[in-house]
Amino acid sequence: MECFVALVIFGFIAVLASGVGLGLGPQSTGRAYQALTRRFGGTYQRGRVFRRPTVRFRYGPTWVTISPGPKRGQTRTTQALLQWPDGWTDVRIETTDPFHRNSSNAAKSISLGDEDFDRRYHVTGQPASSVRKLLSDGVRWQINKLCQFFDCPFIDVSIRSGRMLVEKPALFRRNQDLEQFTQLCLELFDQAMLTRSEGIEFTDNSDEA
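The structure presented is a predicted model; accordingly, all values stated were derived computationally and were not measured.

Cut-offs and rules
- Numbering of residues begins from 1 in every chain and follows the order in which that chain's sequence is written.
- Predicted model: local features are reported for residues with pLDDT of at least 70 only, side-chain atom pairs are reported and counted for 80 or more only, and whole-chain, interface and lining totals are derived from all residues.
- Neither water nor hydrogens contribute to the side-chain values; these are computed over all heavy atoms in the structure.
- A run of DSSP states H or I qualifies as a helix once it reaches four residues; a run of E qualifies as a strand once it reaches two. Both are numbered from the N-terminal end.
- Any residue under 20% of the maximum accessible area for its type is buried, any over 50% is exposed, and the rest in between are partly exposed; the area is computed with a 1.4 Å probe on protein chains only.
- In what follows, a contact means two residues having at least one pair of non-hydrogen atoms within 4.5 Å.
- Per-residue and other accessible areas follow the Shrake-Rupley method at a 1.4 Å probe size, with only the shown protein chains counted as cover for residues.
- For the purposes of this section, nonpolar cores are sets of buried Ala, Val, Leu, Ile, Met, Phe, Trp, Tyr and Cys residues that join through side-chain atoms within 4.5 Å.
- Lining residues are those with an atom within 4 Å of a point, where the points come from a 1 Å grid over the protein atoms alone and group into cavities, where a 1.4 Å probe fits but cannot get out, or pockets, open sets with protein on both sides within 12 Å along at least five of seven lines.
- Grid points are joined across faces, edges and corners, and a volume is the space filled by probe spheres set on the points.
- We call Asp, Glu, Lys and Arg charged. Ala, Val, Leu, Ile, Met, Phe, Trp, Tyr, Cys and Pro are nonpolar, and the rest, Gly among them, are polar.
- Here, a salt bridge means any Lys or Arg side-chain nitrogen found within 4 Å of an Asp or Glu carboxyl oxygen.

Caption draft 1: Just the overall build of the protein, in detail. Of the regular secondary structure elements, the protein holds six helices and eight strands. Each helix and strand of the protein, ordered N terminal to C terminal, gives the series α-α-β-β-β-β-β-α-β-α-α-β-β-α. Split into buried and exposed, the 209 residues of the protein put 43% on the buried side. Sequence-distant contacts, at least 24 apart, represent 58% of the contacts inside the protein between residues at least 6 apart. Taken as a whole, the protein presents about 12,100 Å² of accessible surface, with 54% of it coming from carbon and sulfur.

Take a look at the structure:
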């Protein structure tokens with residue numbers, strides 16, 4: 001009986017240590033998420049052994065949730081989830097890499113006519129014309145900035161089912177790193193929203209405009 005109790009205690013300590021080591025304990029990335037709440041407002045959910053720290057705040061017309069994401073290989077990810085104003089946009093952009101999530105049997109990548117971007121990213125979605133319109137110069141610029149950020153040249157961006165999800169294989173423990181990641185995601189959202197405004201015509205009447 002004593003051996004069983006000791007084993008249970010040892011297992012609990014191991015799980016707790018694992019949580020802290022992954023940056024999910026209240027004394028690790030929690031401080032960075034608290035600082036992020038002070039920067040952007042909103043609410044902070046404290047991280048525990050079986051619960052990730054989370055920050056949720058309002059940004060213009062959308063809600064933003066920042067939290068540690070699932071593992072990618074041996075690396076814990078950080079993700080930003082933003083509400084998207086429609087449910088029919090369907091696009092995904094992944095870094096092209098043999099160790100990344102996309103594979104040789106994935107759907108054929110949509111060409112954007114940007115040789116460097118087409119080489120570095122795997123783009124899928126439908127219809128192709130809408131995907132090309134969404135991935136404007138500004139959007140591609142922001143995706144590149146997110147990809148190159150934090151000395152970790154990988155990024156996964158999807159807009160599906162009324163939400164934008166940005167996932168970066170990195171665990172941010174410093175306040176400034178988590179804040180910069182969040183800011184880059186907000187700037188990507190802004191650039192993507194601009195593509196929805198193209199074609200709007202304004203009249204000469206200032207009141208109507």
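Following the structure, the description resumes.
Caption draft 2: Structural detail: the nonpolar core. Core analysis: the largest hydrophobic core is formed by 41 residues, its most contacted members being Ile 93, Val 123, Ile 143, Met 164 and Val 166. Ranked by residues supplied to this core, first place goes to helix H6 (residues 175–194) with eight residues. For Met 164, the contacting residues outside a window of four places in its chain are Ala 80, Leu 81, Leu 82, Trp 84, Ser 158, Ile 159, Leu 188, Phe 189 and Ala 192.

Caption draft 3: Structural view of empty space enclosed by the protein. One pass over the structure, following the stated rule, counts one cavity of 30 Å³ or more. Volume-wise, the largest cavity comes out at about 40 Å³. What lines the largest cavity is simply Val 91, Ile 93, Leu 134, Leu 135, Val 139, Ile 143, Val 157, Ile 159, Met 164, Leu 188 and Ala 192. Broken down by secondary-structure element, the contributors of at least two residues to the lining of the largest cavity are strand S5 (91–95), helix H5 (137–148), strand S7 (156–160) and H6. Looking at the lining of the largest cavity residue by residue, the classes come out as eleven nonpolar, no polar and no charged.

Caption draft 4: Focus on the pattern of salt bridges. Summed over the entire model, instances satisfying the criterion amount to eleven salt bridges. The partner of Arg 196 in a salt bridge is Asp 86, and the shortest N-O contact between them spans 2.5 Å. With Arg 196 in the segment after H6 and Asp 86 in the loop between strand S4 (75–83) and S5, the pair connects residues that are 110 residues apart, well separated along the chain. Residue Arg 196 is classed as partly exposed on the basis of its relative accessible area, which comes to 38%. Note that Asp 114 is salt-bridged to Arg 140, the shortest N-O span being 3.0 Å. Placement of Asp 114 in the loop between S5 and helix H3 (115–120) and of Arg 140 in helix H5 is noted, with a sequence separation of 26 residues between them. Looking at Arg 140, the relative accessible area reads 13%, which means it is buried.

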